[in-house]
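What follows is the residue order along each chain.
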Amino acid sequence: MKIIGYARTTINDNDLDAQINILSDFGCDEVYHESFDITNDKHLISELETVLNGLETGDTLVICRLNRLGRSTRQLTELTQTFKDTGIHLVSLHEEIDTRHPMGEIYFKLMNGLATMECDLITERTLIGLNNARKKGKIGGRPKIDARTVKKIRHLYHEKKETIQFISSKCNVSVGTCYKYINLSEADVAKLSQE
């Protein structure tokens, strides 16, 4: 069972040496580190993924602060759930979180609660936005396609002179929508004409 340290600078705190010293003093077997770099964001993600991919059940990841691990509440809650599911322990020194001890389970429960709350809040904000849009006369979803456009899609397709991408572009609909109307039965096409 390894104890792995992970250090990362942020845009407003670039003292990497202090973090590395703290993690080494804690007794980490290895300390991975990287610097925050706005221009090289892919490197930042891949280094963290390298650390996470190397962890196994029973291993412990040690960080100085929670914001070194996750850059959003959502990312942090997802990582926490992954740790819990795979039996990896998390120690965050500044927040005094150590999931190797019984009190650490409280952290997992708290993060799970935060994830649920965040999902509920997103759903609520979306529904409020849709409701406000409806009050202003705006209706969500894709606009309905008139019978003339359906006939045009079907005609162009059955002529076999144009690609489906061209038909999609010419009729201003998605490729999936094109196939939806191409595969309609003649009876369904007739019903569309009557609407």
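Residues numbered from 1 in each chain as written. Predicted model: local features only at pLDDT ≥ 70, side-chain atom pairs only at ≥ 80, totals over all residues. Heavy atoms only, no water.

Caption draft 1: Representation of the sheet that holds strand β4 (residues 89-92) within the structure. Pairing is mixed in the open sheet, where five strands are placed in the order β2-β1-β3-β4-β5. Every interior strand has two partners, whereas the edge strands, β2 (30-34) and β5 (97-98), have only one. Examined bridge by bridge, strand β1 (residues 3-8) and strand β3 (residues 60-63) share three bridges and lie parallel to one another. Bridge pairing links I4 to L61 in β3. Sheet strands touched by helix α1 (residues 16-26): β1, β2, β3 and β4. Its angle to β1, the strand with the most contacts, is close to 165°. (Pairing = 2+ DSSP bridges. Helix = DSSP H or I, 4+ residues; strand = E, 2+ residues; numbered from the N terminus. Contact = heavy atoms within 4.5 Å. Axes fitted to C-alpha atoms, helices over the stretch in contact; angles between N-to-C directions.)

Caption draft 2: Region of interest: the confidence of the model for the protein. Scored by pLDDT, the protein comes out at a mean of 84, with 91% of its residues at no less than 70. Mean pLDDT across the secondary structure elements of the protein bottoms out at helix α2 (residues 41-54), with 70, and peaks at β3, with 94. (pLDDT = per-residue confidence, 0-100.)

Caption draft 3: Structural view of the pattern of salt bridges. Applying the stated rule across the entire model yields three salt bridges. With a closest N to O distance of 2.8 Å, R100 and D98 form a salt bridge. Here D98 falls in the buried class, since its relative accessible area comes to 17%. Close ionic contact of R154 with E186 constitutes a salt bridge, the shortest N to O distance being 2.8 Å. With R154 in helix α5 (residues 147-159) and E186 in helix α8 (residues 186-194), the pair connects residues that are 32 residues apart, well separated along the chain. Taking relative accessible area as the criterion, R154 reaches 9% and is therefore assigned buried. (Salt bridge = Lys/Arg side-chain N within 4 Å of Asp/Glu carboxyl O. Buried < 20%, exposed > 50% of the residue type's maximum accessible area, 1.4 Å probe, protein only.)

Caption draft 4: Structural context of the environment of E34. Summarising the element assignment, E34 is placed in strand β2. Residue classification places E34 among the buried residues on the basis of a relative accessible area of 3%. When the C-alpha positions of E34 and M117 are compared, they lie 31 Å apart, and in sequence the two are 83 residues distant.

Caption draft 5: Structural view of the pairing of β4. For β3 and β4, the ladder comprises four bridges, and the chain directions are parallel. Looking at the pairing, I63 lines up with S92 of β4. Handedness of the crossover joining β3 and β4 through helix α3 (residues 73-86) is recorded here as right-handed. Summarising the sheet, β4 and β5 pair through two bridges and their orientation is antiparallel. Its bridge partner being in β5, S92 is matched across the sheet by I97. Linking β4 to β5, which pair antiparallel, is a turn of four residues; within it E96 sits at a positive phi near 55°. (Right-handed = clockwise from strand over helix to strand, strands pointing away.)

Caption draft 6: Molecular detail of the packing of α3 against helix α4 (residues 104-135). At a closest axis distance of 9 Å, the pairing of α3 and α4 adopts a crossing angle of 135°. Considering their axes alone, α3 and α4 lie oblique with respect to each other. Crossing of α3 against α4: the hand is left-handed. Taken together, the residues of α4 that come into contact with α3 (itself represented by T73, R74, L76, T77, T80, Q81, F83 and K84) are E105, Y107, F108, M111, N112, L114, A115 and E118. Class assignment for the residues of the contact of α3 with α4 results in seven nonpolar, five polar and four charged. (Parallel < 35°, antiparallel > 145°, perpendicular 65-115°, else oblique. Left-handed = near helix turned anticlockwise from the far one by under 90°. Nonpolar A, V, L, I, M, F, W, Y, C, P; charged D, E, K, R; others polar.)

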